[in-house]
Structure formats: C-alpha cells, structure tokens
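Each chain is listed here by its residues.
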Amino acid sequence: MWLPCGCTSKYVASSFARRTLASYLHVSGRSRCNVAAFMPEAAGLEGVSGRAALRELSVSNSESFWAAVARHRLCWSTPFHTVQDCDLSRGKIKWFEGGKLNVSVNCLDRHVHTCPERVALIWERDERGSEMKYTYGELLEMTCRLGNLLRRHGVKRGDCVTIYMPTCPLAVASMLACARIGAAHNVVFAGFSADALAERIRDAQSSTVITVNQGVRGGKVTELKKTVDTAVQSCPTVKQVFVAMRTDNPVTMTARDIAMEEEMLKEDVVCEPAVMNSEDVLFLLYTSGSTGKPKGLVHTQAGYLLYAALTHRYVFSYHDGDVFGCVADIGWITGHSYVVYGPLANGATTVLFESTPIYPDPGRYWDMVERLKINQFYGAPTAIRLLLKYGDQWVNKYDRSTLKTLGSVGEPINTEAWEWYHRVVGDGRCPVVDTWWQTETGGICIAPRPSDPDAEIVPGMAMRPFFGINPVLMDTEGEVLTSNNTSGALCMAQPWPGMARTIHNDHQRFIDTYFQPYPGYFFTGDGAYRSEEGYYQITGRLDDVINVSGHRIGTAEIEDVVNQCPAVAESAVVGYTHSIKGQGVYAFVVLKKGIDVQEADLSRQLNGMVSEKIAKYASPDFIQFAKRLPKTRSGKIMRRVLRKVVESDLEGLGDLSTLDDPAAVQEIIQGHEKLLSKNRP
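The rules behind these values
- Residues numbered from 1 in each chain as written.
- Predicted model: local features only at pLDDT ≥ 70, side-chain atom pairs only at ≥ 80, totals over all residues.
- Heavy atoms only, no water.
- Pairing = 2+ DSSP bridges.
- Helix = DSSP H or I, 4+ residues; strand = E, 2+ residues; numbered from the N terminus.
- Axes fitted to C-alpha atoms, helices over the stretch in contact; angles between N-to-C directions.
- Contact = heavy atoms within 4.5 Å.
- 1 Å grid on protein atoms, 1.4 Å probe; cavity = no way out; pocket = protein on both sides within 12 Å on 5 of 7 lines; lining within 4 Å.
- Points joined across faces, edges and corners; volume = space filled by probe spheres on them.
- Parallel < 35°, antiparallel > 145°, perpendicular 65-115°, else oblique.
- Nonpolar A, V, L, I, M, F, W, Y, C, P; charged D, E, K, R; others polar.
- Buried < 20%, exposed > 50% of the residue type's maximum accessible area, 1.4 Å probe, protein only.
- Right-handed = clockwise from strand over helix to strand, strands pointing away.
- Phe/Tyr/Trp six-rings, centres within 6.5 Å; stacked < 30°, edge-to-face > 60°.

S.K.: So what exactly am I meant to see when it comes to the sheet that holds strand 20 (residues 432-434) here?
M.R.: Hydrogen bonds between backbone atoms are what pair the strands of a sheet, whose relative direction is either parallel or antiparallel. Spatially, the seven strands line up as an open sheet ordered 5-4-17-16-18-19-20, and their pairing is mixed. The two strands at the open ends of the sheet, each matched to only one other strand, are strand 5 (132-135) and strand 20. Averaged over neighbouring strand pairs, the angle between their axes works out to 20° when direction is ignored. Bridge count between strand 19 (residues 405-408) and strand 20: three bridges; the pairing is parallel. Its bridge partner lying in strand 20, Ser408 is registered against Asp434.

As structure tokens, then:
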C-alpha cells in the first residue's frame with residue numbers, strides 16, 4: 001500500500017485557485033458581522049440579521065443565498081452565469097450553469113498552496129495503533145501520479161471508473177484522480193459479492209476497475225482481487241484492472257491486470273486538472289430501490305461539492321484544526337460526502353476507518369478517539385446500539401475530552417441509544433446531531449444543528465431543516481399538511497444544489513420514483529412526523545426498502561435471489577424491528593409441490609445464495625416456510641399483512657376482505673409463532 005513519503009509535492013496550486021483564494025477567505029461588512037461571524041459566505045447578503053433570518057432567506061430567496069455561498073466557498077476557473085434552472089415536475093435540476101472548476105483542485109491544490117504540511121488523511125488501519133498520516137501535499141502527489149497513470153492507459157474525460165476498494169488512502173486518491181482528469185467514478189462497497197459488483201460495472205459501462213489484492217477488516221482477510229476476477233468474467237467492457245497491494249500476499253495477475261503502485265512511481269507528480277462544467281458528472285453511486293434493479297444515482301461537480309462542504313462545516317461545527325472522524329465506508333454516500341469530499345473541500349483532517357467497532361474489543365472507537373484526538377465523531381445507530389450492550393466500561397477506559405460533537409447517520413436513532421451516546425460517550429457535554437439524508441440528497445438535509453448554541457435538541461429527532469431545505473408533509477390525497485403535530489409523506493418543496501440529477505441511463509425511472517408520486521415535489525420515500533414545535537422526526541420507509549444497519553436493500557432484490565432456488569415457488573421479504581441492526585430481514589418462502597427437503601438445510605442454502613449474490617448483510621435473519629402467502633384476488637401478495645404478523649401487531653391487521661383466502665393469514669400467524677418458539681433461548 002502506498003506509503004506517505006514525508007515530502008511535499010512540487011506541484012504548485014493552479015493559478016485560478018490562487019486568484020480565487022482571497023475571495024474564498026474574504027469576510028466583508030461590519031454592519032453584518034453577526035451573520036458573517038457565523039457564516040462568512042453570507043456576509044454579502046443584504047438585510048440579514050441573524051441565523052433565523054438567514055435560514056428564512058435561504059428558502060425564500062434561495063438563488064441569492066446559494067449564489068453567495070458558491071462564490072465564496074468554491075474556487076472557479078470561470079464564474080457561473082445562472083444560479084439554477086430547475087423544474088421538479090420534470091426532474092430537471094441544473095445549478096451554477098456556465099461555471100467551470102475542478103473538484104480535486106478545490107479539495108487539494110488550494111490547501112497545498114496555503115498549508116502543504118497540514119494532515120489531510122489519518123488512516124486508522126485495521127491493526128490497532130498502526131495509524132498512518134498523509135499531508136495535503138502527499139495526497140496531491142498521490143492523486144496526480146494516479147491521474148497521469150489513468151490517462152496513460154486511455155481513461156479519458158467522461159469515462160466511468162469502477163472502484164472496489166476498502167477505506168484507505170489509495171481509494172481516496174482514486175476518487176480524486178478520476179475527478180482530476182474528468183472521469184466519473186463508481187465506488188462499489190467492498191462487501192458486495194461478485195454478482196452485485198458485475199451488475200454495477202455493466203450498468204456503469206466501465207472499462208477500468210481499481211481494486212486491491214486483499215481487504216483486511218476485523219482481523220479477517222477478504223479476497224477482493226478474486227472477487228473482481230469473477231465479476232469481470234461477465235463484464236465484456238472491462239479492459240484493465242489496476243491492483244494495489246493492501247497486504248504482502250501475492251495474487252494471480254492476468255494480462256489485463258496492472259500493478260498500480262509500481263506503475264504510479266513512473267508517473268510525474270504534476271497532473272494538469274481538467275476544467276469541468278458545473279453539471280458534468282462527478283460520480284455514480286448505486287442504491288437499492290423497491291424493484292430488483294439497483295439504481296445508479298448521478299451526482300455532478302459544483303452543486304454536490306458545495307453542499308457536502310457546507311453541511312460538513314455547519315452541521316458539525318467544524319473549525320480549522322479539528323480532526324473529523326466519520327467511520328463510514330467510502331462505498332456509501334456517507335463516505336463520499338463526509339469522509340472524502342466535504343472534509344477535504346474544507347481543508348479538514350479526516351479519518352479513514354478500516355476496522356469494525358468491536359475489533360479487537362468493544363473499545364476500538366474510543367481508543368481511536370483518544371489516540372487521534374478526534375473532535376467530531378460520526379457513526380451509525382447500529383454500532384451505538386451494539387456498543388451500548390457491552391457496557392460503559394469500554395467507553396470510560398479512554399479519554400474522550402477532545403470530542404465536541406457526536407453525530408448519527410443511516411437510520412433514525414432510538415431514544416435509549418441516543419441518551420447513552422450523549423451521556424456516556426459525550427459525557428453529557430457534546431451535542432448529538434441525528435442527521436437525516438439519503439444517497440439521493442447528496443448531503444444532510446435535516447439535523448439539530450446548525451442552530452443557536454443553546455437551542456434544544458430532542459433525543460431521536462432530526463429536527464431542523466438545513467439552509468435552503470424546504471420540507472413538507474403530504475397526506476394520502478397528495479395535499480400539503482400545513483399544521484403541526486401531524487404525520488405524512490416527507491417531500492421537498494424546492495431543489496437544492498446537492499441533490500442527484502438523474503438515474504444513470506434511466507431518467508424516466510428517476511422521474512417516476514422521485515417526482516411522479518407528488519408532482520412538483522421531490523418524494524423522499526420516507527414518512528415523517530412534525531411536532532408542535534415544528535421539529536421533524538423520521539418514522540421510516542414508505543416503500544419496500546429495508547434499512548439494515550444503515551444499508552438500504554430492496555425487498556425485491558432479496559426475493560429475486562431466493563426465487564432462483566429450484567425448490568422455491570415464490571417468496572416475500574419484509575423488514576422487522578431489530579434491537580441492534582434497526583431492521584432485520586424476514587423471508588416467507590413457499591416451496592414447489594413435491595419438494596422434500598429439510599427446512600434447516602434449505603434455510604442455510606438460501607442464506608448462502610443471498611450472501612453470494614448480494615451481500616452478507618442482506619441475508620434473512622428468519623426464514624418461514626409456508627404453504628401459501630396471503631394475496632388479493634388479483635394475485636398481489638399482501639406484504640402489509642406479513643409485516644404486521646412479523647411485528648406481532650395482530651390488532652393492526654386491518655381489513656382482510658380483499659384477500660383471496662383470509663385463512664392464509666391464520667396459517668402465517670401460526671407458522672410465525674412456531675418459528676419464534678424454536679428460536680427462543
């Protein structure tokens with residue numbers, strides 16, 4: 001694995017970064033100092049006298065707000081001439097047209113120009129106590145060498161490079177190298193199977209893949225290169241695979257494989273950045289939908305980077321010199337926005353966490369906080385719930401006095417976990433920001449901060465919309481609910497720069513999924529409750545998507561795999577409340593007639609299939625075999641009924657008159673009780 005060399009890059013920041021540096025740092029106007037002190041980017045906005053007024057203006061006059069922020073926070077080679085050109089009814093979203101910039105210059109060069117020795121990355125490797133630090137100068141050199149290598153091997157502007165790597169410095173450099181030369185990247189979570197990887201490579205039409213020989217996580221070695229070898233057998237577009245070395249173990253190299261670090265050493269440390277249009281594609285990221293096919297969401301250059309940087313700065317109260325510790329994998333949007341792009345755009349020191357919360361023991365996070373002196377810690381409720389069960393002693397063993405803000409991401413955090421996180425981990429002095437957002441939104445949309453320092457934070461609530469975010473709740477008739485103390489479908493009434501632009505190769509699906517359900521609004525797919533005070537609380541998905549440990553997985557994807565088993569006639573998958581993972585996976589399976597198998601053996605087989613075809617986290621926690629499933633007369637499986645049975649909410653079964661045979665429900669209930677009794681300790 002590429003090591004920090006202790007020398008800075010000789011590459012000098014591009015002239016346009018230098019020219020705009022003064023305006024980036026500029027704060028003007030004594031008469032507006034109360035706003036400027038909080039948000040320097042807003043200093044030029046007339047008539048704004050406080051945070052509440054700034055929040056109001058960001059919604060009522062969003063063009064002025066976003067124009068001011070974009071001019072100050074990003075370095076442009078050519079200024080934009082149009083702030084936005086959006087029509088939510090058609091899924092048309094364009095921001096900062098006419099503007100030209102390079103994302104890697106905004107993340108690296110401008111910081112190298114002012115402070116090349118500032119630490120950009122702290123790689124918290126799986127082996128505890130073996131962290132490695134990389135300065136902005138070293139990261140720029142790594143990125144430039146890799147950018148030149150990709151160019152030499154034919155990767156050009158507009159191509160899409162698939163990255164299948166663990167969270168490590170070379171993965172970050174790979175993302176930034178793509179951005180530098182104008183190629184898009186498609187990062188695939190390194191826990192996905194060969195089939196899942198292949199599907200994403202094919203859809204992205206990648207000719208280049210970047211990977212490592214092996215991954216290391218939780219003391220276990222995973223054969224990532226072998227997974228890629230299997231995947232590319234069904235990907236005719238792939239012409240070359242760059243292979244980095246995470247371990248010293250050699251792997252079989254084919255004619256298409258390239259030893260990445262060895263070849264990088266032959267490249268120059270200067271790589272001319274491509275000048276990109278604001279709306280050029282920055283990356284694709286695949287997320288699960290309610291159908292069986294993952295969707296490749298498209299994020300573009302300027303709007304995404306601006307939104308990631310702004311939310312990172314103000315939701316977490318990040319200040320220069322802080323160490324930001326987001327423990328998400330780079331394979332997910334959280335890793336993109338709050339491990340890589342947001343922190344680096346802000347010149348931050350960001351932590352790359354390669355391990356697990358309990359390796360080698362349940363004190364891993366807090367030992368890391370002490371060693372690296374982390375100031376903001378951002379993790380998943382799943383991990384918090386898991387660590388809570390191990391007790392306070394693993395937290396209290398370590399000094400956490402550097403912590404200033406705690407964050408949670410991926411799913412709503414329950415009150416018990418929130419209070420433990422606040423009271424034990426944060427010693428009752430660190431605000432907990434429970435953040436709501438999605439792959440589709442690009443960055444945090446609802447969170448307790450930013451707000452006045454003494455503003456209340458309610459456990460388990462996302463609470464307040466970010467600047468420029470205008471949430472609404474809709475009823476079942478598609479009407480806006482204007483009162484408080486009410487629940488409905490969570491939608492956004494106006495666009496913002498960080499939102500996804502389309503689904504790769506399927507804009508109609510983009511429209512149908514997000515804009516057709518409530519015309520003129522962006523539909524999040526989530527339900528929410530708005531309190532009397534106007535605070536928002538996310539209540540869960542409204543479609544057939546399960547959130548397992550913060551990972552979204554469509555029920556249809558799991559059903560597709562289960563139904564491939566020759567013994568299976570049909571299946572239905574639902575989510576249920578899980579004390580650790582947030583949601584678990586519960587599968588109902590109907591066998592073909594005449595099939596005689598041991599249920600335990602078939603359960604193991606089905607779990608193995610799901611693990612192989614999708615990922616281990618998608619494997620069902622329970623598999624209930626049934627003679628039939630409850631269906632309507634038209635043949636539609638009543639998943640609503642199955643969810644109620646699994647949650648033991650028999651009072652909430654509701655109207656069963658539309659069922660073809662209501663007796664099927666009683667059979668399901670009896671089978672569920674039998675399965676539970678078998679699994680009770």
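S.K.: Please explain the side chain of Gln376 as it appears in this structure.
M.R.: Checked against the element boundaries, Gln376 lands in strand 18 (residues 376-379). Beyond its immediate stretch of four places on either side in the chain, Gln376 contacts Phe316, Ser317, Tyr318, Asp322, Val323, Phe324, Gly325, Lys404 and Thr405.

S.K.: How should the environment of Trp436 be read in this particular structure?
M.R.: Within the secondary structure, Trp436 sits in the loop between strand 20 and strand 21 (446-447). In sequence terms Trp436 and Val409 are 27 residues apart; their C-alpha atoms lie 6.9 Å from each other. For Trp436, the contacting residues outside a window of four places in its chain are Thr441, Ile444, Cys445, Ile446, Ala462, Leu490, Met492, Thr524, Asp526 and Ile538.

S.K.: Sorry, what's going on with the layout of surface pockets here?
M.R.: One simple way to see leftover space: roll a probe sized like a water molecule over the atoms. When its volume is computed, the second largest pocket comes out at roughly 580 Å³. Forming the walls of the second largest pocket are 23 residues, and the residues nearest its centre are Glu599, Ile623, Gln624, Phe625 and Gly671. Of all the elements in the fold, those that place two or more residues in the lining of the second largest pocket are strand 32 (582-591), helix 19 (599-613), strand 33 (622-626) and helix 21 (663-679). With eight residues, the single largest contributor to the lining of the second largest pocket is helix 21.

S.K.: I tried to follow the packing of helix 4 (residues 62-73) against helix 11 (residues 301-315) on my own but got confused; where do I start?
M.R.: The geometry of helix 4 relative to helix 11 is characterised by a closest axis approach of 11 Å and an angle of 90° between their N-to-C directions. Looking at the two axes, helix 4 sits roughly perpendicular to helix 11. Across the interface between the two elements, Phe65, Trp66, Val69, Ala70 and Arg73 from helix 4 touch Leu306, Tyr307, Ala309, Leu310, Arg313 and Tyr314 from helix 11. For the contact of helix 4 with helix 11, the residue count by class is nine nonpolar, no polar and two charged.

S.K.: Before we go on, may I ask you to explain the pairing of strand 6 (residues 160-164) in this structure?
M.R.: Taken residue by residue, a regular strand's side chains alternate between the two faces of the sheet. With five of five residues buried, strand 6 lies mostly within the body of the structure. Burial along strand 6 is two-sided: the face carrying Cys160, Thr162 and Tyr164 and the face carrying Val161 and Ile163 are both buried. Strand direction decides the pairing type here: strand 6 and strand 7 (residues 184-187), joined by four bridges, are parallel. Bridged to Val161 within strand 7 is His185. Each parallel crossover has a hand, and the one from strand 6 via helix 7 (residues 169-181) to strand 7 is right-handed. Summarising the sheet, strand 6 and strand 8 (residues 208-212) pair through four bridges and their orientation is parallel. For Tyr164, the partnering residue across the bridge sits in strand 8 and is Thr211.

S.K.: Looking at this structure, how should I read the packing of aromatic side chains?
M.R.: Evaluation of the coordinates by the stated rule reveals 39 aromatic pairs. Centre to centre, the rings of Trp366 and Phe377 are 5.3 Å apart; their planes meet at 50°, and the pair counts as tilted. Note that Trp366 is positioned in helix 13 (residues 364-372) and Phe377 in strand 18, a separation of 11 residues in sequence. Phe377 matches Trp366 in its accessibility class, with the two residues each being buried. Ring centres of Tyr586 and Phe588 lie 4.9 Å apart, and the angle between their planes is 40°; on these two criteria the pair is classed as tilted. On the basis of relative accessible area, Tyr586 is assigned to the buried category, the value being 1%. Ring pairs connect the aromatic residues Phe38, Phe65, Trp66, Trp76, Phe80, Trp95, Phe96, Tyr307, Tyr314, Phe466 and Phe467, which therefore count as one cluster.

S.K.: Just to check I follow, could you spell out empty space enclosed by the protein for this structure?
M.R.: Under the defined criterion, the tally for this structure stands at one cavity of 30 Å³ or more. Empty space within the largest cavity amounts to approximately 40 Å³. Looking at the largest cavity, the residues that line it are Asn186, Val187, Val188, Phe189, Phe192, Arg200, Leu285, Tyr286, Gly331 and Trp332. Split by residue class, the lining of the largest cavity holds seven nonpolar, two polar and one charged.

S.K.: Explanation requested: helix 8 (residues 194-204) in the structure shown.
M.R.: Side chains three or four residues apart in an α-helix point the same way, a direct result of the helix having 3.6 residues per turn. When you tally the buried positions in helix 8, you get eight out of 11 residues, the bulk of the element. All of the buried residues in helix 8 are Ala194, Ala196, Leu197, Ala198, Arg200, Ile201, Asp203 and Ala204. Contact partners of the buried residues in helix 8: strand 6, strand 7, strand 8, helix 9 (224-232), strand 14 (281-287) and helix 19.

S.K.: Sorry, what's going on with unusual backbone geometry here?
M.R.: Residues apart from glycine generally show negative phi values, whereas peptide bonds are mostly found in trans. Here Tyr359 and Pro360 are connected by a cis peptide whose omega angle stands at 0°. Relative to the elements of secondary structure, Pro360 occurs in the loop between strand 17 (349-353) and helix 13. The residue after Arg449, namely Pro450, is reached through a cis peptide bond having omega 10°. Looking at the element boundaries, Pro450 is found in the loop between strand 21 and strand 22 (464-465). Positive phi outside glycine occurs at Asp427, with the angle close to 55°. By the secondary structure assignment, Asp427 is in the loop between helix 16 (415-425) and strand 20. Take Asp427: its relative accessible area is 46%, and that puts it in the partly exposed class.

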